[in-house]
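Read off the chains here:
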Amino acid sequence: YWDKKGRRLEIRNRHDWVAYIKWRSEVFQRDNWICQICQKTGGYLEAHHINSWIKYPSLRYEIGNGITLCKRPCHLIANREQRRIELIIGKQIK
């Protein structure tokens, strides 16, 4: 699995890939295939990790750590806001 910048993510084996696909499917089903921000149905939907995939590996496959978002604009906005919040928190800890 590759991220938006072409970097390989930490899904290194088939078991991890199957777990990711199962998590993604369960998030979509729980949210009725509706973007949870703009309420758009259909189109290109993505499962967003509320707590970062990289920073919270123990939460990667927790259904409660996922939310269904449309790719544009909601997932793009969520990612931008998530990075901004992580930067603010990081500065406060230092």
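Look up a bit, the structure's there.
Figured I'd write up the structure that's included with this text. (Residues numbered from 1 in each chain as written. Predicted model: local features only at pLDDT ≥ 70, side-chain atom pairs only at ≥ 80, totals over all residues. Heavy atoms only, no water.)

Another aspect to go through is the state of the cysteines. Within the structure shown, the criterion is met by zero disulfides. Just so you know, C35 is unpaired, no disulfide at all, and the nearest cysteine sulfur is the one on C74, 3.7 Å from it. Among the cysteines around C74, which has no disulfide bond, C70 carries the closest sulfur, lying 3.6 Å off. (Disulfide = S-S within 2.5 Å.)

With that settled, the discussion passes to unusual backbone geometry. Along the chain, R72 connects to P73 via a cis peptide bond; the corresponding omega equals 0 degrees. Here P73 is to be found in helix α2 (residues 71-93). Phi at N32 takes a positive value of approximately 55 degrees, unusual for a residue other than glycine. Tracing the backbone shows N32 in the loop between α1 (14-30) and β1 (45-49). (Helix = DSSP H or I, 4+ residues; strand = E, 2+ residues; numbered from the N terminus.)

Our focus in this paragraph is the side chain of S52. As for its placement among the helices and strands, S52 is situated in the loop between β1 and β2 (66-70). Owing to a relative accessible area of 12%, S52 belongs among the buried residues under this scheme. Here K55 takes part through its backbone nitrogen, which lies 3.3 Å from a polar atom of the side chain of S52. In contact with S52, not counting residues within four places along its chain, are Q82 and E86. (Buried < 20%, exposed > 50% of the residue type's maximum accessible area, 1.4 Å probe, protein only. Polar contact = N/O pair within 3.5 Å; in protein donor to acceptor, adjacent residues only side chain to side chain. Contact = heavy atoms within 4.5 Å.)

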